[in-house]
Structures are given as structure tokens and as C-alpha cells.
Amino acid sequence: MKKISILLMLLMLSILSSSCISIKIDKKKEKSEEYLEDVTKKLDVSEETFYYVSSESSPNFIENLQPSLISFVQGEESTSIDKIEVENKTGDSVSLNTCHVSETQITRKYIQTFMKSNKDYKGLIIKDIKSRTQFNDLEKKLYAIVLYSNKIDNQIKPYISFLKKLKNEENIPYIFISMDLENLENIPDIWENTIF
């Protein structure tokens with residue numbers, strides 16, 4: 001009887017002591033979390049700006065997108081850096097993507113003069129990589145949308161300061177839609193193809 005009471009007492013002490021001691025266990029990051037951390041650090045942008053295409057998107061959503069690295073979208077209208085024309089140093093009218101965008105000063109109003117309703121982004125469902133919540137703000141606000149892959153980092157980097165300037169000076173937020181499927185494969189509802 002004495003042995004049983006000692007064992008019970010020891011068991012109770014071990015339960016009490018284990019409940020008082022918190023053991024810190026590092027949770028292993030998912031592949032998409034590591035990717036998000038790396039890419040946002042590399043580009044110096046917020047994690048909340050990165051999205052993925054959900055498999056809930058309609059099968060023909062690609063037909064409704066601007067075929068461009070950077071597009072501007074609001075409601076049923078859009079345009080892209082390929083279609084926005086600016087004046088270069090010699091006074092010629094050229095596409096915005098052919099000049100040094102970081103040095104180019106354009107306004108929200110100017111961008112909106114190039115917007116048309118032939119590409120309306122209907123059927124595209126994107127979700128935040130971090131929270132997996134759906135993005136529903138394109139109806140209300142003008143956004144810059146960047147189709148991103150780490151394979152084209154060198155092409156994207158010169159545009160980052162341009163996007164930040166548009167956000168700060170013209171109140172045009174930007175979002176990245178990641179096409180790096182190999183880094184996002186742990187996301188259950190990711191669209192299984194790539195645009196690039």
C-alpha cells in the first residue's frame with residue numbers, strides 16, 4: 001500500500017511539474033511559409049502583398065488577364081505597363097515597360113486614361129499565401145498586379161521602387177500573384193498550372 005501511495009504521489013508531482021513548465025518546441029515551417037519569408041525579404045515588400053491563384057478560379061480566367069508582368073486593375077477595367085505610353089528623353093512616345101520606370105512620374109489619373117474593359121479579371125480567385133483568405137478588393141480600388149516568379153527576379157527588381165512610389169504618392173497599392181508552384185505545393189487549393 002505504501003508503494004502504491006508513493007507511486008501515486010510521484011505521478012501527481014510529475015503531472016503538476018509538467019503543467020508548470022512550458023517546453024518550447026520549434027514548429028517546422030511549411031514550404032510556402034519559408035518561400036514567403038525569403039521572397040518578401042529579397043524584394044523588401046510585405047508578406048501581405050503575396051497571393052496565389054486558387055483552384056476555385058474559373059477554367060478560362062487566363063483569357064481575362066492582361067498578358068503583362070504588371071497590370072493595373074479596378075472593377076471591370078484594366079491596362080498594363082505595355083499599353084501605358086510615356087514620353088522618353090528624346091520626346092518620343094514609348095511603352096512604360098521600355099523606359100526606366102523608377103524615374104518615370106505618372107499619376108493615377110494618367111493610368112486610368114489607358115484603362116479599358118476588354119480584360120476584366122473575372123473568374124480569377126486569388127488568396128493570401130499567409131492567411132489563405134480570398135482577395136476581394138479589385139472592385140473597389142485601383143491595384144497594380146504583378147505576376148511574379150523567382151525565375152524573373154532580375155526583371156521585377158527595377159519595378160519595386162516604381163510600385164512603392166505609386167502606392168505612396170498615388171494611393172495605388174500593389175499585390176504579387178506568385179507562379180512559383182513548386183514552393184507553394186503544400187497549399188491544398190492552389191491552381192496546378194503556371195502562367196509562365
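Residues numbered from 1 in each chain as written. Predicted model: local features only at pLDDT ≥ 70, side-chain atom pairs only at ≥ 80, totals over all residues. Heavy atoms only, no water.

How would you summarise the pattern of salt bridges if you had to cite specific residues and measurements?
Once their charged atoms are close, side chains differing in charge can pair, the charge on each being opposite to the other. Counted according to the given criterion, the structure contains 11 salt bridges. When the shortest N-O distance is used, the salt bridge between K31 and E185 registers 3.1 Å. Highlighted residues: K31 in helix α2 (residues 31-43) and E185 in the segment after β8 (174-178), separated in sequence by 154 residues. Judged by its relative accessible area of 54%, E185 is exposed. With its nearest N and O atoms 2.8 Å apart, the salt bridge here joins K127 to D189. With K127 in strand β6 (residues 126-128) and D189 in the segment after β8, this pair connects stretches of sequence that are 62 residues apart. For D189, a relative accessible area of 15% corresponds to the buried category. Linked through salt bridges whose partners overlap, the residues forming this network are E56, K127 and D189. (Salt bridge = Lys/Arg side-chain N within 4 Å of Asp/Glu carboxyl O. Helix = DSSP H or I, 4+ residues; strand = E, 2+ residues; numbered from the N terminus. Buried < 20%, exposed > 50% of the residue type's maximum accessible area, 1.4 Å probe, protein only.)

I'd love a proper account of the nonpolar core, names of residues and values included.
Counting residues in each nonpolar core, the largest one holds 36 residues, and the members touching the most others are L43, F50, F72, I129, Y148, I156 and F176. Of the residues forming this core, the biggest block, 6 residues, is contributed by helix α4 (residues 153-170). Non-local contacts of F50, meaning those with residues more than four positions away in its chain, are made with Y35, L36, V39, T40, L43, V45, K127, D128, I129, Y148, F176 and S178. Within the second largest apolar cluster, 17 residues are counted, among which are Y51, F61, Y143 and L147. (Core = buried A, V, L, I, M, F, W, Y, C linked by side-chain atoms within 4.5 Å. Contact = heavy atoms within 4.5 Å.)

Can you tell me about the pairing of strand β1 (residues 50-53), naming the residues and giving the values?
For a regular strand, side chains alternate in direction, first toward one face of the sheet and then toward the other. Alternating residues of β1 divide into F50 and Y52 and Y51 and V53, and every residue in both groups is buried. Bridge count between β1 and β8: 3 bridges; the pairing is parallel. Paired with F50 across the strands is F176, a residue of β8. Alignment of β1 against β6, held across 3 bridges, turns out to be antiparallel. Of the residues in β6, the one forming a bridge with Y52 is K127. (Pairing = 2+ DSSP bridges.)

An account of unusual backbone geometry is needed here, citing residue identities and associated values.
With a phi close to 60°, D44 is a non-glycine residue in the positive phi region. The backbone phi angle of Y121 is positive, close to 65°, even though this residue is not glycine. Within the secondary structure layout, Y121 lies in the loop between α3 (108-112) and β6. The exposure class assigned to Y121 is buried, which follows from its relative accessible area of 7%.

Residues and numbers for the packing of aromatic side chains, please.
Describing an aromatic ring pair means giving the distance of the ring centres and the angle of the ring planes. Counting across every chain of the model gives 8 aromatic pairs. Between F135 and Y143 the ring centres are 5.0 Å apart and the planes differ by 85°, which places this aromatic pair in the edge-to-face class. For F135, a relative accessible area of 13% puts it in the buried group. With relative accessibility at 7%, the residue Y143 sits in the buried group. Between Y174 and F176, the aromatic rings sit 5.8 Å apart at their centres with planes inclined by 85°, giving edge-to-face as the arrangement. Accessibility expressed as a relative area gives 8% for Y174, which makes it buried. (Phe/Tyr/Trp six-rings, centres within 6.5 Å; stacked < 30°, edge-to-face > 60°.)

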